[in-house]
Amino acid sequence: MPEPDVVAYVRAALPGPPARVLEVGAGDGSLAAALRSAGYEVVAIDPAGEEPVLPVALMDYEAPPRSFDAAVAVVSLHHVVPLGRSLRALAGLLKRGALLVVDEFDGWAYDERTAAWVVLAFRR
């Protein structure tokens, strides 16, 4: 099960259930399961995923355009490659005004390497 504070953070940022949510880099699917139990419709993807997580990379995931109310990425975006192309694919999956909820790095561990990744990732 994910940490309760992570679930609380994500739920506080999401629109209310039954919003349709895409979880990027879902790992074992435990966050997706927690969101489902709260009434959300969740699709969980991860290139190394196993059932019930779909084993697909973000840039290769196919769904109808504008089919998600929100996307969640918890400590996963730094694994997404190529990031720019993948984020453009994600943008096409989200409805206009949809939210992207990101929890990427521990603020206390933020260092020069992390800062360089953030600048490079979001400059594109």
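What counts as what
- Residues numbered from 1 in each chain as written.
- Predicted model: local features only at pLDDT ≥ 70, side-chain atom pairs only at ≥ 80, totals over all residues.
- Heavy atoms only, no water.
- Helix = DSSP H or I, 4+ residues; strand = E, 2+ residues; numbered from the N terminus.
- Buried < 20%, exposed > 50% of the residue type's maximum accessible area, 1.4 Å probe, protein only.
- Contact = heavy atoms within 4.5 Å.
- Areas by Shrake-Rupley, 256 points an atom, 1.4 Å probe, with all protein chains shown as cover.
- Pairing = 2+ DSSP bridges.
- Phe/Tyr/Trp six-rings, centres within 6.5 Å; stacked < 30°, edge-to-face > 60°.
- Lys NZ or Arg CZ within 6 Å of the ring centre and 35° of its normal.
- Salt bridge = Lys/Arg side-chain N within 4 Å of Asp/Glu carboxyl O.
- Axes fitted to C-alpha atoms, helices over the stretch in contact; angles between N-to-C directions.
- Parallel < 35°, antiparallel > 145°, perpendicular 65-115°, else oblique.
- Left-handed = near helix turned anticlockwise from the far one by under 90°.
- Nonpolar A, V, L, I, M, F, W, Y, C, P; charged D, E, K, R; others polar.

## Re the overall build of the protein chain
- Looking only at helices and strands, the protein chain has four helices and four strands in total.
- Each helix and strand of the protein chain, ordered N terminal to C terminal, gives the series α-β-α-β-β-α-β-α.
- For the protein chain, with 124 residues in total, the buried portion stands at 40%.
- Across the protein chain, the fraction of contacts at a sequence separation of at least 24, relative to all contacts at a separation of at least 6, is 62%.
- Summed over all atoms, the accessible surface of the protein chain reaches about 7200 Å², with 57% contributed by carbon and sulfur.

## Quick word on the pairing of strand E4 (residues 94-103)
- As paired elements, strand E3 (residues 68-74) and E4 share six bridges and run parallel to each other. If you follow Val74 over to E4, its bridge partner there is Asp103.

## Observations concerning the packing of aromatic side chains
- For the structure on display, the rule yields one aromatic pair.
- Consider the rings of Tyr61 and Phe68, whose centres lie 6.4 Å apart with planes at 50°: the pair is tilted. Each member of the pair, Tyr61 as well as Phe68, carries the same accessibility label: buried.
- The ring centre of Phe68 lies 4.4 Å from the NZ or CZ of Arg20, which sits over that ring.

## A look at the pattern of salt bridges
- Counted according to the given criterion, the structure contains two salt bridges.
- A salt bridge links Arg20 to Glu41, with the nearest nitrogen and oxygen atoms 2.6 Å apart. Here Glu41 lies in strand E2 (residues 41-45) and Arg20 lies in strand E1 (residues 20-24), a separation of 21 residues in the sequence.
- A salt bridge links Lys95 to Asp69; the nearest nitrogen and oxygen atoms lie 3.0 Å apart. Of this pair, Lys95 sits in strand E4 while Asp69 sits in strand E3, placing them 26 residues apart in sequence.

## Regarding the environment of Val56
- Relative to the helices and strands, Val56 is located in the loop between E2 and E3.
- According to the relative accessible area criterion, Val56 is buried, its value standing at 17%.
- For Val56 and Gly25, which are 31 residues apart along the polypeptide, the C-alpha to C-alpha distance reads 9.3 Å.

## Points about the sheet that holds E3
- Pairing is parallel in the open sheet, where four strands are placed in the order E2-E1-E3-E4. Pairing within the sheet leaves two strands with one partner each, and these edge strands are E2 and E4. Recorded for the sheet is a direction-independent mean angle of 20° between the axes of neighbouring strands.
- Most of the contacts of helix H2 (residues 30-37) go to E2, to which it runs at about 175°, and overall it touches E1, E2 and E3.

## Here we look at the packing of helix H1 (residues 4-13) against H2
- In the contact formed by H1 and H2, the axes pass within 11 Å of each other and the chain directions differ by 55°. Judged by the inter-axis angle, H1 sits oblique to H2. The way H1 lies across H2 gives a crossing that is right-handed. For the pair H1 and H2, contact is made by Val7, Val10 and Arg11 and by Leu31, Ala34 and Leu35, respectively.
- Of the residues that constitute the contact of H1 with H2, the class distribution is five nonpolar, no polar and one charged.

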